[in-house]
Protein chains: 2
Amino acid sequence: MKFTCKKSDFSNGINIAMKAILGKTTMPTLECFLIEAKGDMVKLTSNDMQLGIETSFPADVKEEGIVLMNARNLAGYVSHMPDDTVEFESDASNTILIFSGMRRHEEKGMSDDDFPRLPDISFSDKINISQFTLKEMIHQTIFSISSKENNKILTGELFEIQGDELRIASLDLIRVSIRKIKLNKKYDKIKVVIPGKTLNEISKVMSNDADETVDISFSKNHVKFEFGNTVMISRLIEGNFFNIDQMLKNNYETKVTVNKSRFFSCIDSSTLLMTETDKNPVIFTMQDDEMKVEIKSSHSSMNEDVPIHKEGKDLKIGLNPKYIVDVLRVIEDEEISMYFFNSNSPCFIKNEEESYIYLILPINI
Amino acid sequence: MKFTCKKSDFSNGINIAMKAILGKTTMPTLECFLIEAKGDMVKLTSNDMQLGIETSFPADVKEEGIVLMNARNLAGYVSHMPDDTVEFESDASNTILIFSGMRRHEEKGMSDDDFPRLPDISFSDKINISQFTLKEMIHQTIFSISSKENNKILTGELFEIQGDELRIASLDLIRVSIRKIKLNKKYDKIKVVIPGKTLNEISKVMSNDADETVDISFSKNHVKFEFGNTVMISRLIEGNFFNIDQMLKNNYETKVTVNKSRFFSCIDSSTLLMTETDKNPVIFTMQDDEMKVEIKSSHSSMNEDVPIHKEGKDLKIGLNPKYIVDVLRVIEDEEISMYFFNSNSPCFIKNEEESYIYLILPINI
């Protein structure tokens, strides 16, 4: 194999394919890229057995071929290259030579025999949405996935399509985060759970440009994301997700509207008093047009009065301030609305059209 | 005690005094600032028993007084304050109240009885130099202090004043880094070793403005830095530093001049091949107007020809590329000169006027 390409194209491809390279493993092939030169493109493939990535970039291919090379070494060499052009070649014994300017790297590659290629299966119809929207939806919900591997299903996010609506949700048994958008047309019903790690990695390589789109399709056990010259295929998490609709009863006795920045500054500051030993909640006392926010630890206390607009009954409730901070951090609205039933029922933070719904369980006070 | 001050003044003072607050200790007083309001200033004092700091900022003092408060808590509260003005008060029982906007923090402080105040000793004449110059000298030498506590003296830097010359040096037995400057007048001879940690912390709070100066003075066991409204007093490291002059013989057989960026790119790239298991040196072969740079690891190799200007004999020598990278990173000259005697003698990197001298021991090849 022999090709010449632009350093920046090679680097971009490496950055994307790197997302499916694990840290140190006992299997050297999993630390490698499959590098394949064909036609006028070079394709990099990586596979950590949960997420697989194929990404291509343009190259002047002088000799087609295929080789396996350690991904981190390749990334290091290419990022340090002195020249804008990189020349790559490998021979029948898988010896790899990389040239740039006056520099020459030589490295022993491997044959592609044992490399786990991406599954060749058929997928459902493609759903097309903006990459930016998908990134945003993930960002606004992924913080409440569970990190506990003993309940595997909660380490992923629910992706649910019904008619022309896509709903993404995550929950960790104390809180639920939900984002909804309208799709451009109706699709067949889909309800799957995608690993949180996959969504994180995908977010990192997708564009912030609202005009660039991604195609999403599903098989029984996999989800496929296609965008630009890149394909990412991830395993799904098996099992049934919790019934979210059951949690979303819309009754409330108290509705509070508050300026987000003002509220955020207060709540963020209150988390300073949450030491590892003191796990006291923040106590909210909503009365008339003021919300008293109080927190006490063993040696300190803080309180602040935050102006609110209240509808319904007065209420006193205890909440973990860190969960509120997580939500306020990802909402872009200037005003937010919170809905309460009583001091033992979840607090809802949501907008009118319910494009986002956050639910946080209270702490007994 | 009662005072009102600007949040930014309070924050700046806290940032400086924080440099002498350790992580978790078994002595709560060492995690505290001594806060003292007097006249129209508030003084913060911190002391980690090696480094002590006093820093003052202007305040409207309504009632003079003194109290001890946990430094990290204070830093957290003040940085999150909603308003530009902060009100601080403490009573006879050391209960502290901090107000800003609609927010109120209450915290139990401590009496100042057990706080280790800064030593009240007499110091030598003050040496006055630019803060920027001192920072730069530290930055250009501190990377070669030793991190091994078993040879305590090498965890510090030599500060040596002779006539109107200040010399700073560090060494870790494999390399030496030296920086020299001319002072504005002649001073008494000084030769002390200042802890590396002290120099690091001082660098962080000193100004980048070349016009702002720092006064440095010495006692038998301490060094004092005074700048702006801040005084920092550090213990010195006891013992005799290595005789550096003995190492600085000026004989050389080969002198090589090379473009720094070009050389840096090559050497930095070669460090990629230094894995934990392969400790092979980079081999430099200087011949005519080219330097061949080669490194081999178990599976990879790299070589590059770098154009040089050479005076004297051809030479082949092995060096640890990481040590060269450390030096090239802090030199600002576009061209650098290296001096060699033979392949078993140290490599010198220095400029004509010897305002910097770096010495690196070679590796046998």
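Our subject is the structure that appears above.
The structure contained in this document is the topic of the report that follows. Remember, it's a predicted structure, so these values are computed and weren't measured experimentally.

### Points about unusual backbone geometry
All names here are of chain B.
Part 1 of the argument: Phi is positive for Met-49, which is not a glycine, with a value near 80°.
Part 2 of the argument: Residue position: Met-49 is located in the loop between strand S3 (41–47) and strand S4 (51–58).
Part 3 of the argument: Phi is positive for Leu-173, which is not a glycine, with a value near 80°.
Part 4 of the argument: Positionally, Leu-173 belongs in the loop between strand S11 (156–171) and strand S12 (175–195).

### Details of the nonpolar core
Part 1 of the argument: Phe-263 and Phe-284 of chain A together with Phe-3, Phe-10, Ile-35, Leu-74 and Phe-88 of chain B are the most contacted members of the largest nonpolar core, which totals 62 residues.
Part 2 of the argument: A per-element tally of this core places helix H6 (residues 321–330) of chain A first, with 6 residues.
Part 3 of the argument: Sequence-distant contacts of Leu-74 of chain B, defined by excluding residues within four places in its chain, comprise Phe-10, Ile-14, Phe-33, Ile-35, Met-69, Phe-88 and Ile-98 of chain B.
Part 4 of the argument: The next biggest cluster of nonpolar side chains, apart from the first, holds 61 residues, and it includes Phe-57 of chain A together with Phe-263, Leu-319 and Ile-360 of chain B.

### Observations concerning the packing of helix H1 (residues 7–17) of chain B against helix H2 (residues 71–80) of chain B
All names here are of chain B.
Part 1 of the argument: Where H1 meets H2, the axes come as close as 10 Å, and the angle between the chain directions of the two elements is 150°. Here H2 runs roughly antiparallel to H1, going by the angle between their axes. The handedness of the crossing between H1 and H2 comes out as left-handed. In this structure, H1 contributes Lys-7, Phe-10, Ser-11 and Ile-14 to the contact, and H2 contributes Leu-74, Ala-75, Val-78, Ser-79 and His-80.
Part 2 of the argument: For the contact of H1 with H2, the class distribution of residues is 5 nonpolar, 3 polar and 1 charged.

### Here's the deal with the sheet that holds strand S8 (residues 95–100) of chain A
Part 1 of the argument: Pairing within the open sheet is antiparallel, and its 9 strands lie in the order S5(A)-S1(A)-S7(A)-S8(A)-S9(A)-S19(B)-S18(B)-S17(B)-S21(B). Each edge of the open sheet is held by one strand with a lone partner, namely strand S5 (60–63) of chain A together with strand S21 (315–319) of chain B. The mean inter-strand angle of the sheet, taken between neighbouring strand axes irrespective of direction, is 15°.
Part 2 of the argument: Packed on one face of the sheet, helix H5 (residues 260–270) of chain B meets strand S9 (103–108) of chain A together with strand S17 (282–287), strand S18 (290–296) and strand S19 (300–307) of chain B and runs near 170° to S19 of chain B.

### Some words on the interface of chain B and chain A
Part 1 of the argument: Counting from both sides, the interface comprises 27 residues of chain B and, opposite them, 27 residues of chain A.
Part 2 of the argument: Counting across the chain B and chain A interface gives 2 salt bridges.
Part 3 of the argument: There are 18 residue pairs in polar contact (both at pLDDT 80 or more) connecting chain B and chain A.
Part 4 of the argument: Listed by contribution, the elements that provide at least two residues to the side of chain B that touches chain A are H2, strand S9 (103–108), H5 and S19 of chain B.
Part 5 of the argument: Considering only residue class, the side of chain B that touches chain A consists of 7 nonpolar, 10 polar and 10 charged.
Part 6 of the argument: With 5 bridges connecting them, strand S19 (residues 300–307) of chain A and S9 of chain B associate as antiparallel partners. Among the inter-strand pairings, Ser-301 of chain A is bridged to a residue of S9 of chain B, identified as Glu-106 of chain B.

### Points about the relation of the copies chain B and chain A
Part 1 of the argument: Its rotation angle being 180°, the transformation that places chain B on chain A also includes 0.0 Å of axial translation and leaves an RMSD of 0.0 Å. Read as a symmetry element, the transformation amounts to a two-fold axis. Measuring from the rotation axis to each C-alpha of chain B, the shortest distance belongs to Gly-23 of chain B, at 15 Å.

### Considerations on the packing of H5 of chain B against helix H6 (residues 321–330) of chain B
All names here are of chain B.
Part 1 of the argument: Where H5 meets H6, the axes come as close as 9 Å, and the angle between the chain directions of the two elements is 145°. At the point where H5 passes H6, the crossing takes the left-handed sense. On H6, the residues that touch Lys-260, Phe-263, Phe-264, Ile-267, Asp-268 and Ser-270 of H5 are Pro-321, Ile-324, Val-325, Leu-328 and Arg-329.
Part 2 of the argument: Classifying every residue of the contact of H5 with H6 by side-chain character gives 7 nonpolar, 1 polar and 3 charged.

### Considerations on the pattern of salt bridges
Part 1 of the argument: Counted under the stated rule, the structure contains 44 salt bridges over all chains.
Part 2 of the argument: Glu-31 of chain A serves as the salt-bridge partner of Lys-24 of chain A, at 3.9 Å between the closest nitrogen and oxygen.
Part 3 of the argument: Using a relative accessible area of 79% as the deciding quantity, one classes Lys-24 of chain A as exposed.
Part 4 of the argument: Note that Arg-103 of chain B and Glu-304 of chain A form a salt bridge whose closest N and O atoms lie 2.3 Å from each other. On the criterion of chain membership, the pair formed by Arg-103 of chain B in strand S9 and Glu-304 of chain A in strand S19 is interchain, its members lying in two chains. There is no split in this pair, since Arg-103 of chain B and Glu-304 of chain A are both buried.

### Quick notes on the sheet that holds S19 of chain A
The pairing of strands in a sheet happens through backbone hydrogen bonds and is either parallel or antiparallel.
Part 1 of the argument: Spatial ordering of the open sheet is given by S21(A)-S17(A)-S18(A)-S19(A)-S9(B)-S8(B)-S7(B)-S1(B)-S5(B), a layout of 9 strands whose pairing is antiparallel. Unpaired on one side and paired on the other, strand S21 (315–319) of chain A together with strand S5 (60–63) of chain B mark the two borders of the sheet. The sheet shows a mean angle of 15° between the axes of neighbouring strands, taken without regard to direction.
Part 2 of the argument: One ladder, built from 5 bridges, connects strand S17 (residues 282–287) of chain A with S21 of chain A; its direction is antiparallel. Of the residues in S21 of chain A, the one forming a bridge with Val-282 of chain A is Leu-319 of chain A.
Part 3 of the argument: Each of S17, strand S18 (290–296) and S19 of chain A together with S9 of chain B is contacted by helix H5 (residues 260–270) of chain A, which is oriented at about 170° to S19 of chain A, the strand it contacts most.

### What to know about the packing of aromatic side chains
Part 1 of the argument: What the rule picks out here adds up to 18 aromatic pairs over all chains.
Part 2 of the argument: Aromatic pair Phe-3 of chain B and Phe-57 of chain B: ring centres 6.5 Å apart, planes at 70°, arrangement edge-to-face. Taken together, the residues Phe-3 of chain B in strand S1 (residues 2–6) and Phe-57 of chain B in strand S4 connect sequence positions 54 residues apart. Accessibility classification places Phe-3 of chain B together with Phe-57 of chain B in one group, the buried group.
Part 3 of the argument: Grouping aromatic residues by their ring pairs yields a cluster made of Phe-3, Phe-10, Phe-57 and Phe-88 of chain A.
Part 4 of the argument: In this structure, Lys-350 of chain A packs its charged tip against the face of Tyr-339 of chain A, placed 4.8 Å from the ring centre.

### Structural notes on the pairing of S9 of chain A
Residue and element names in this part refer to chain A.
Part 1 of the argument: With burial as the criterion, only one face of S9 is covered, namely that bearing Arg-103, His-105 and Glu-107; the residues Arg-104, Glu-106 and Lys-108 on the opposite face remain uncovered.
Part 2 of the argument: Inspection of the sheet shows S8 paired to S9 by 6 bridges, in the antiparallel sense. Bridge pairing in S9 links Ile-96 to Glu-107.
Part 3 of the argument: The turn linking S8 back onto S9 is made up of 2 residues, and Gly-101 within it adopts a positive phi angle of 55°.

### Quick word on the side chain of Thr-198 of chain B
Residue and element names in this part refer to chain B.
Part 1 of the argument: In this fold, Thr-198 is placed in helix H4 (residues 196–205).
Part 2 of the argument: For Thr-198, a relative accessible area of 0% translates into the label buried.
Part 3 of the argument: Setting aside chain neighbours within four positions, we find Thr-198 in contact with Gln-50, Leu-51, Phe-225 and Ser-234.

Scoring rules and cut-offs
Residues numbered from 1 in each chain as written. Chains lettered and ligands numbered in written order. Predicted model: local features only at pLDDT ≥ 70, side-chain atom pairs only at ≥ 80, totals over all residues. Heavy atoms only, no water. Helix = DSSP H or I, 4+ residues; strand = E, 2+ residues; numbered from the N terminus. Core = buried A, V, L, I, M, F, W, Y, C linked by side-chain atoms within 4.5 Å. Buried < 20%, exposed > 50% of the residue type's maximum accessible area, 1.4 Å probe, protein only. Contact = heavy atoms within 4.5 Å. Axes fitted to C-alpha atoms, helices over the stretch in contact; angles between N-to-C directions. Parallel < 35°, antiparallel > 145°, perpendicular 65-115°, else oblique. Left-handed = near helix turned anticlockwise from the far one by under 90°. Nonpolar A, V, L, I, M, F, W, Y, C, P; charged D, E, K, R; others polar. Pairing = 2+ DSSP bridges. Salt bridge = Lys/Arg side-chain N within 4 Å of Asp/Glu carboxyl O. Polar contact = N/O pair within 3.5 Å; in protein donor to acceptor, adjacent residues only side chain to side chain. Least-squares fit on C-alpha atoms with pLDDT ≥ 70 in both. Phe/Tyr/Trp six-rings, centres within 6.5 Å; stacked < 30°, edge-to-face > 60°. Lys NZ or Arg CZ within 6 Å of the ring centre and 35° of its normal.

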